[in-house]
2 protein chains.
Amino acid sequence: MDMHQLTRSLNAKNDSKIVMLVADGLGGLPLSAGGLTELETARTPNLDALARIGVCGGSIPVKPGITPGSGPGHLGLFGYDPLQYMIGRGALEATGIGFKLGPHDVAARGNFCTLDRQGNITDRRAGRIATEQSAPLARKLNAVKIPGVELFVEPVKEHRFVVVFRAAGLGDRVHDTDPQATGVPPLDPVAGDSGCQQTVEVVRQFVAGAQKLLADEQKANGLTLRGFAAHPKMPSFMDVYGLRAAAIAVYPMYKGLARLVGMDIVGKAQTLSEQMGVLEANWDDYDFFFIHFKYTDSTGEDGDFDAKVKRIEELDAALPRITHLKPTVLIVTGDHSTPSLLRAHSWHPVPTLLVSKVCRADGCQEYSERECLRGGLGQFEAKYLMLLALANAGRLDKFGA
Amino acid sequence: MDMHQLTRSLNAKNDSKIVMLVADGLGGLPLSAGGLTELETARTPNLDALARIGVCGGSIPVKPGITPGSGPGHLGLFGYDPLQYMIGRGALEATGIGFKLGPHDVAARGNFCTLDRQGNITDRRAGRIATEQSAPLARKLNAVKIPGVELFVEPVKEHRFVVVFRAAGLGDRVHDTDPQATGVPPLDPVAGDSGCQQTVEVVRQFVAGAQKLLADEQKANGLTLRGFAAHPKMPSFMDVYGLRAAAIAVYPMYKGLARLVGMDIVGKAQTLSEQMGVLEANWDDYDFFFIHFKYTDSTGEDGDFDAKVKRIEELDAALPRITHLKPTVLIVTGDHSTPSLLRAHSWHPVPTLLVSKVCRADGCQEYSERECLRGGLGQFEAKYLMLLALANAGRLDKFGA
């Protein structure tokens, strides 16, 4: 019995409210041995007060030692085993720019490249062409006509774009056309299984049409495609948890991930304060709120320890607007660690805090990596966090008699 | 390789003795924020002394956040993955009243109900008819004759009874006849798969015969059946662990659960002191002793914090009679938490204590929820506890060369 069968079978309804505040890349590392992490350095009186009445622990995003991207990181927090539910590259790229993938879509990542007269690639990234130049080019490719197929080409950044093919019966078992080398031409699309021959034909027509439209370009006179991926099929939060779920995020990627699990995207907040306003405005209409805060990750990726500390303090300052609403369960966590020291996502367990009236407080005195080590949640795989949320909200019946 | 294949393949014989003392529903919660749990409130000098020489931890009965019933709770402690080994409702109900299910049995829970003249249900519980009235009625239903089938009808309590059909070839994929509504008649039994047509015919004959016998009753003139369940097939303690195992329990449910995994039910103890006497009397004849103490759960279910504290102290006082026998491994744990605050089973990890000469003591100073958080067993799924028991008893060989 998998966890979703279990939660479905134990689902109990009530009026509880669950808030999951995700500080992206929250976990950190000290800059030097024996030092403090970003979170330990930050002044966080509100989070520390919650730690004293709540229960803390360390969330392992996927498995010990595994560093997740944003996709698996969030799927884990949402209770979808990231090793079971994979989001293909093309689908994640489409999601990241806010494209609403449908059930008949196959998405791929596109790269503009530079071809010589023989058709061999001389630059796989078209000289990292500026977005201002590449974006109109990408949009131009929408003019390619493929009978029976709806086509969407959307710019991403520099040489990158997304292509989505929409038609019943398309498959995503299509090999990359990017040869990952220069001095050779782009590869022909090839089917990975027999059911994808039609798709390969569609891709072939797109590539041929696109090549014609790009023929006169200096830098971006060719293209490669990779990461073909269909719309990932996931049961919804309503289906598996019985929760009316809302996502309050600023960036398209996180809205897209939330949409994949059936959350409504509410509000158009651009700042944390606006996100709090959206939370307040929608409080009565949902059972579950996912609030995404991006900047703990982006400052970590920049390697800017002090900026990450400031962002954590900014987050802390927003907490009273959440606690004022008296959620039944409040969770503060991250989808992974992004230590400034590493300038990258990492595998380290993420400090996690859960507050409810029945959480069994553990005596933790502050919200920090080292205090969470001693917390009552122990170290746990992120995919179990939703079970704890539901339990603390009284939304899970007893298993077995 | 599952855990039972592993323990079978690594089985080592010796003269060690393992005692697992299960205080049902042991884990608790403070009544108010910052307070002490029942176990933390109780004076437990013997358990605390054991904690100082043993290793502590928190047992997660099934998965984080999942609240188990007694069935899954005990199966976990016995090392049977509760998500793999499910005990159907009817089988658990039969087990709970001490009925010894056999391999050709299908059990169902029965409810007496009240029918109007049109045969529609007016009360699904027959006015919660008193046990003194319903028990003779249930026994009377044994008079129904079904060719080729042995029938057992046993009273449970109030409107509830158990029916067991015994014949080769019966199946348990039969839908409930309880429509879970009034104003409609009981449902006809319907097969959930083609192999259960014969069983449906048997159930139909029983219902028809029973209806005749009940026709003149005021309240209990009808019946519904649900939770059809065959005898759950589980490998025995001897098979998977090489252990001669004895169960010393007062209540039928726990004797029944122990019987399902092949334990001998020894003694007829009615008190904890008598249970200790049974332990002493059988010490030489078994390798493993499961001792079940019910009252930490029942006081928790009653919401009686003080009574639960007293029961824990009663348990503590019995400990010297166990330690005097010098078991190789002594485990004290619970099948789940039953905080008086919640008046119900809960998902919270259960304080667990293991003492052996080789357990690697962890510096815990007392047996309590918060001290167990810092214990050397960490937080672990209950299904792994038997592996630790066997290891500490020297009963598991090295895995691999």
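Residues numbered from 1 in each chain as written. Chains lettered and ligands numbered in written order. Predicted model: local features only at pLDDT ≥ 70, side-chain atom pairs only at ≥ 80, totals over all residues. Heavy atoms only, no water.

Asker: How would you sum up the packing of aromatic side chains? Please name residues and give values.
Answerer: All names here are of chain B. Within the structure shown, the criterion is met by 26 aromatic pairs over all chains. Ring geometry for F78 and F237: centres 5.9 Å apart, planes at 90°, overall edge-to-face. Of this pair, F78 sits in the loop between α4 (70-77) and α5 (89-96) while F237 sits in helix α8 (residues 237-241), and the two are 159 residues apart along the sequence. Note on F78: relative accessible area 0%, which makes it buried. Judged by relative accessible area, F237 falls into the buried class, the value being 0%. Relative to F206, the ring of F165 has its centre 5.7 Å away and its plane inclined at 80°; by these criteria the two rings are edge-to-face. With F165 in strand β6 (residues 160-166) and F206 in helix α7 (residues 197-214), this pair connects stretches of sequence that are 41 residues apart. Given the relative accessible area of 1%, F165 is considered buried. (Phe/Tyr/Trp six-rings, centres within 6.5 Å; stacked < 30°, edge-to-face > 60°. Helix = DSSP H or I, 4+ residues; strand = E, 2+ residues; numbered from the N terminus. Buried < 20%, exposed > 50% of the residue type's maximum accessible area, 1.4 Å probe, protein only.)

Asker: Lay out the sheet that holds strand β9 (residues 264-265) of chain B in plain terms, naming residues and giving numbers.
Answerer: All names here are of chain B. Taken in spatial order, the 8 strands make up an open sheet running β9-β8-β10-β1-β11-β12-β2-β13, and their pairing is mixed. At either margin of the open sheet sits one strand with a lone partner, and together these are β9 and β13 (378-381). Contacting β2 (55-60), β11 (329-333) and β12 (350-355), helix α3 (residues 45-53) runs over the sheet at an angle of about 65° to β12. The strands touched by helix α12 (residues 305-323) within the sheet are β1 (18-23), β10 (288-293) and β11, with β1 carrying the most contacts at an inclination of about 170°. (Pairing = 2+ DSSP bridges. Contact = heavy atoms within 4.5 Å. Axes fitted to C-alpha atoms, helices over the stretch in contact; angles between N-to-C directions.)

Asker: Pulling in residues and values, what's your account of the packing of α3(B) against α12(B)?
Answerer: Each pair of packed helices can be described by the angle between their axes along with the distance between the axes. Residues and elements named next belong to chain B. Between α3 and α12, the least distance of the axes is 7 Å, while the angle of their chain directions is 55°. Judged by the inter-axis angle, α3 sits oblique to α12. Counting all contacts with α3, which are made through P45, N46, L47 and L50, the residues of α12 involved are D316, A317, L319, P320 and T323. Counted by class, the contact of α3 with α12 contains 6 nonpolar, 2 polar and 1 charged residues. (Parallel < 35°, antiparallel > 145°, perpendicular 65-115°, else oblique. Nonpolar A, V, L, I, M, F, W, Y, C, P; charged D, E, K, R; others polar.)

Asker: Talk me through unusual backbone geometry; I want residue IDs and the actual numbers.
Answerer: Residue and element names in this part refer to chain A. Of note, the phi angle at R128 is positive, near 45°, even though the residue is not glycine. Mapped onto the elements of the fold, R128 is located in the loop between β4 (121-123) and α6 (131-140). Note on R128: relative accessible area 48%, which makes it partly exposed. Even without being glycine, R343 reaches a positive phi, approximately 55°. By the element assignment, R343 lies in the loop between β11 (329-333) and β12 (350-355).

Asker: Give me the relation of the copies chain A and chain B: which residues, what numbers.
Answerer: Applying a rotation about an axis and a shift along it to one chain copy brings it onto the other copy. It takes a turn of 126° to lay chain A on chain B, together with a shift of 0.2 Å along the axis; the resulting RMSD is 0.1 Å. One copy is carried onto the other by what is essentially a three-fold rotation axis. Nearest to the rotation axis, the C-alpha of R374(A) is located 3.7 Å from it, this being the minimum over chain A. In this assembly, only 4% of the residues forming the interface of chain A have copies in chain B that are likewise at the interface, indicating a heterologous arrangement. (Least-squares fit on C-alpha atoms with pLDDT ≥ 70 in both.)

Asker: Kindly report on the nonpolar core, identifying the contributing residues and their values.
Answerer: In this structure, Y80(A), F237(A), M263(A), F288(A) and F290(A) are the most contacted members of the largest nonpolar core, which totals 64 residues. Among the elements that make up this core, the one with the highest residue count is helix α14 (residues 385-392) of chain A (7 residues). When sequence neighbours within four positions are dropped, the list of residues in contact with F288(A) reads I18(A), M20(A), F237(A), L243(A), R244(A), A245(A), A246(A), M263(A) and M386(A). Core analysis: the next-biggest nonpolar cluster, separate from the first, contains 49 residues, L92(B), L101(B), L243(B) and L257(B) among them. (Core = buried A, V, L, I, M, F, W, Y, C linked by side-chain atoms within 4.5 Å.)

Asker: Quick one: what's the story with the interface of chain A and chain B, residue by residue and with numbers?
Answerer: Contacts between chain A and chain B engage 24 residues on the former and 30 residues on the latter. For the chain A and chain B pair, buried surface summed over both sides reaches about 2200 Å², with 66% attributable to carbon and sulfur atoms. Between the two partners, chain A and chain B, sit 0 salt bridges. Counting the contacts that link chain A with chain B gives 9 residue pairs in polar contact (both at pLDDT 80 or more). Going through the elements one at a time, α1 (3-10) and α14 of chain A are the ones with two or more residues in the side of chain A that touches chain B. Top contributing element to the side of chain A that touches chain B by residue count: α14(A), with 4 residues. Split by residue class, the side of chain A that touches chain B holds 14 nonpolar, 5 polar and 5 charged. (Buried area = accessible area lost by both parts, 1.4 Å probe. Salt bridge = Lys/Arg side-chain N within 4 Å of Asp/Glu carboxyl O. Polar contact = N/O pair within 3.5 Å; in protein donor to acceptor, adjacent residues only side chain to side chain.)

Asker: Requested: an account of a nonpolar patch on the surface, with residues and values cited.
Answerer: Residue and element names in this part refer to chain A. There is a patch of nonpolar side chains on the surface, built from L31, L341, L342 and W347 and spanning about 370 Å² of accessible area. As for its position among the elements, W347 is in the loop between β11 and β12. By relative accessible area, W347 is classed as partly exposed at 40%. (Patch = residues over 30% accessible without salt bridge, like charges linked within 9 Å, V, L, I, M, F, W, Y side chains within 5 Å. Areas by Shrake-Rupley, 256 points an atom, 1.4 Å probe, with all protein chains shown as cover.)

Asker: A description of the pairing of β11(B) should follow, citing residues and the corresponding values.
Answerer: Residues and elements named next belong to chain B. Counted residue by residue, β11 has 5 buried out of 5 residues, so it is predominantly covered. Direction of pairing for β1 relative to β11: parallel, over a ladder of 5 bridges. Note on β11: the bridge partner recorded for V22 is T333.

Asker: So what's going on with the state of the cysteines? Which residues, and what values?
Answerer: Residues and elements named next belong to chain B. A full pass over the atoms with the stated rule returns 0 disulfides over all chains. Unpaired in terms of disulfides, C56 finds its nearest cysteine sulfur in C364, a separation of 4.3 Å. Under the relative-accessibility criterion, C364 is labelled buried at 2%. (Disulfide = S-S within 2.5 Å.)

Asker: An account of the environment of N282(A) is requested, with residue identities and associated values reported.
Answerer: Residue and element names in this part refer to chain A. On the secondary structure map, N282 appears in helix α10 (residues 272-282). You can call N282 buried: its relative accessible area is 16%. Sequence separation between N282 and K268 is 14 residues; the distance between their C-alpha atoms is 12 Å. At 2.8 Å, the side chain of N282 forms a polar contact with the backbone oxygen of V278.

Asker: Give a description of the sheet that holds strand β9 (residues 264-265) of chain A that names residues and reports values.
Answerer: All names here are of chain A. The strand order across the open sheet built from 8 strands is β9-β8-β10-β1-β11-β12-β2-β13, with neighbouring strands paired in mixed fashion. If you trace the sheet from one side to the other, it starts and ends with β9 and β13 (378-381), each paired once. Relative to strand β10 (residues 288-293), strand β1 (residues 18-23) runs parallel, the two being bridged by 6 bridges. Bridging from a neighbouring strand, V22 pairs with H292 of β10. Strand contacts of α10: β8 (245-248) and β10, with the helix running at about 175° to β10, the strand carrying the most contacts.

Asker: Go over helix α5 (residues 89-96) of chain A with me, naming the residues and quoting the values.
Answerer: Residue and element names in this part refer to chain A. Counting buried residues in α5 gives 6 out of 8 residues, a clear majority hidden from the surface. Taken together, the buried positions of α5 are occupied by G90, A91, L92, E93, A94 and T95. If you follow the buried residues of α5, they end up packed against α4 (70-77), β3 (105-115), β5 (150-157), β6 (160-166), β7 (222-230) and α9 (252-260). After α5 finishes, the residue G98 shows a positive phi value of roughly 85°.

Asker: Residue-level account of the side chain of T333(B), with values.
Answerer: All names here are of chain B. Here T333 shows up in strand β11. Classification of T333 by relative accessible area gives buried; the value is 0%. Of note is the side chain of T333, whose polar atom sits 2.8 Å from the side chain of T352. Apart from residues lying up to four places away in sequence, T333 is in contact with L21, V22, A23, L26, S59, L77, V350, P351, T352, Y367 and L385.

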